[in-house]
Amino acid sequence: MKRFFQSIRFQLTITIVIFILVNTIFIASVTLRNFEKGITDIETSRISVIASQLTERYERMYRSEYIARNFADISEEQQRIYLRLFLKTSFEEYFNDLIKNFPELEFGYSIPAIEDSTVFVGNNTYRFDKKLTVVKNVNAGHGGGYIFVDEPLPIVMKPLQEIREDINRIIIYSVIVAIFLVLIVTTLFTRRIINIRRGLKILEKDLDFRFPQFGGEIGDIALSINSMAENLKKNIDAMQRSESLRSLGMFTVGVVHEVRNPLTSIKGFAQILQKKLQGKEEEKYINPILIEADRLGKVVDDLLRFGRPAKIDKKVFNLNSFFDHIVEMSKHYVGDKNIVISKECEGDININADEKKLEELFLNLVINGIQSLEEGNGEVSIQVRKTGENVVVNIRDTGIGMTEEEMKNLFVPFYTTKAEGTGMGLAIAYRAATEHDGKIDVQSAKGEGTVFTVTLPLGI
Ligand SMILES: Nc1ncnc2c1ncn2[C@@H]1O[C@H](COP(=O)(O)OP(=O)(O)O)[C@@H](O)[C@H]1O
Ligand SMILES: [Mg+2]
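In this text the structure is predicted, and so the values were computed from the model without any measurement. (Residues numbered from 1 in each chain as written. Chains lettered and ligands numbered in written order. Predicted model: local features only at pLDDT ≥ 70, side-chain atom pairs only at ≥ 80, totals over all residues.)

Moving on: the sheet that holds strand 3 (residues 131-137). Across the sheet, four strands lie side by side as 2-1-4-3; this open sheet has antiparallel pairing. The open sheet is flanked by strand 2 (119-121) and strand 3, the only strands paired with a single partner. Strand after strand, the sheet turns through a mean of 15° between neighbouring axes, direction not considered. Note that strand 1 (residues 106-110) and strand 2 share three bridges and pair antiparallel. Residue pairing across strands places Tyr109 opposite Val119, the latter belonging to strand 2. Sheet contacts for helix 2 (residues 8-68): strand 3 and strand 4 (146-152); angle to strand 3, the most-contacted strand, approximately 30°. (Pairing = 2+ DSSP bridges. Helix = DSSP H or I, 4+ residues; strand = E, 2+ residues; numbered from the N terminus. Axes fitted to C-alpha atoms, helices over the stretch in contact; angles between N-to-C directions. Contact = placed C-beta atoms within 7 Å.)

Before going further, it helps to spend a moment on the environment of Glu405. The residue Glu405 is located in helix 10 (residues 404-408) in this model. C-alpha of Glu405 to C-alpha of Gly347: the two residues are 58 residues apart in sequence and 37 Å apart in space.

In this section: the nonpolar core. With 36 residues, the main nonpolar core has Leu361, Leu365, Val366, Val384, Ala427 and Ala429 as its most contacted residues. If we ignore the near neighbours within four places in the chain, the residues touching Leu365 are Ile395, Ala429 and Phe452. The next biggest cluster of nonpolar side chains, apart from the first, holds 21 residues, and it includes Leu54, Tyr58, Ile147 and Val156. (Core = buried A, V, L, I, M, F, W, Y, C linked by C-beta atoms within 7 Å. Buried ≥ 20, exposed ≤ 12 C-beta atoms within 10 Å, placed from the backbone.)

Moving on to the packing of helix 2 against helix 3 (residues 76-100). Running from N to C, helix 2 and helix 3 cross one another at 150°; their axes reach a closest spacing of 10 Å. Between helix 2 and helix 3, the angle falls in the class roughly antiparallel. As for the relative orientation of helix 2 and helix 3, their crossing is right-handed in sense. Every residue of helix 3 that contacts helix 2 at Leu54, Arg57, Tyr58, Met61, Tyr62 and Glu65 is listed here: Tyr82, Leu83, Phe86, Leu87, Ser90, Phe91, Tyr94, Phe95 and Leu98. For the contact of helix 2 with helix 3, the residue count by class is 12 nonpolar, one polar and two charged. (Parallel < 35°, antiparallel > 145°, perpendicular 65-115°, else oblique. Left-handed = near helix turned anticlockwise from the far one by under 90°. Nonpolar A, V, L, I, M, F, W, Y, C, P; charged D, E, K, R; others polar.)

A separate point is the site of ligand 1. Taken together, 22 residues lie around ligand 1, and Asn368, Ser372, Thr416, Gly421 and Gly425 are the ones closest in. Of all the elements, helix 9 (residues 355-372) adds the most residues to the shell around ligand 1, at four residues. The residue inventory of the shell around ligand 1, partitioned by class, reads seven nonpolar, 13 polar and two charged. (Near = placed C-beta within 6 Å.)

Below is the structure:
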């Protein structure tokens, strides 16, 4: 229940309904007040015309009576008798004729010259209502007193009642329409919010979930959540990777030392045997021993490099000549293949870093690039540029490329797809980059090529 009262839908509905009610009631009351005044004015002047007509007619009748009966010469008593006998009868006849035409009005008069009491004609049902009354005085010379016409207010205000009913109807319709519109709008709105809530629930379990494009402000929120999830995932991956690399490093150093010494003996004795057996049939067994021992030596070297405690020996050096050196060294891995290695360095960039470790890092990436050109031709390009406090190095090849799945294991030690590979190259490169507070990103498309992007702080 509390949830319902706190819902956007309920609050918006209440706000809009109150707004409409206050607004329309205010407009209605102003309009009705103006109407009321207008109607009262019109009715007042209408009944005022009738009252004047009655008064004038009475006075005219009085004057004719005055002349016809020669009031100037007769006594007052005589005048009274005449007035009551003749004027009263004809005036009442006229009076009754007139009032028949206005059944909604009440009439009356109080003229002492023709009647002792007040004459009151009208619809008795209205007697105790408020009334709109117009009183016209009868000239004292014509007998004095007054004539009045009145109209009960409920009758005067009858048109107003109809307008009020119309306004009420409009209010009810607008409230219904508003509630309807609010429901539609909030349904669309809350549906998106519910989608976000549902998405967040999925994200709690599966960091790979991403929101589709929504549009609007809610869409912006969804996009922000997407990029947050993306970053979180990257960070978790990176943390796990460096954690497993560290423990693996400690383990390998121990093992590798145990292997290195016997390996040196094996190689040494094999070389002695090779000399002794020169020209003999058994000589052919020595070569595989030497080749395999070399291969094992390479693995041992890689492992040692990887497992060595992270001691960084920083100094400032120039990246332009550094990469010239990398290109020079990597040429040894090209052999007789038709591979172009190019380098492009924007300006003279200096870095404060461990040169030996960066050499391992970039040489590994360039060698992988060369090895990815399985057809034996293509290009590996190195592009170096400075952005803010960092140097960004792109190492691009036009080789075999990788699928998403293959990219997942890239930096895992011993992961290799090559018959002769140790799977340590990228693990070493990754270690070197993180030791320098840098990072390595990869973009690749199967059959098209790969770009490794190394970002390192210049540290100067
Ligand atoms: N430039 C590249 N193009 C295609 N695949 C690559 C590239 N660099 C690395 N890889 C993939 O990553 C794997 C691991 O590389 P790495 O750690 O250097 O080990 P290795 O080179 O000994 O196989 C490679 O075996 C290869 O499958
Ligand atoms: Mg490699």
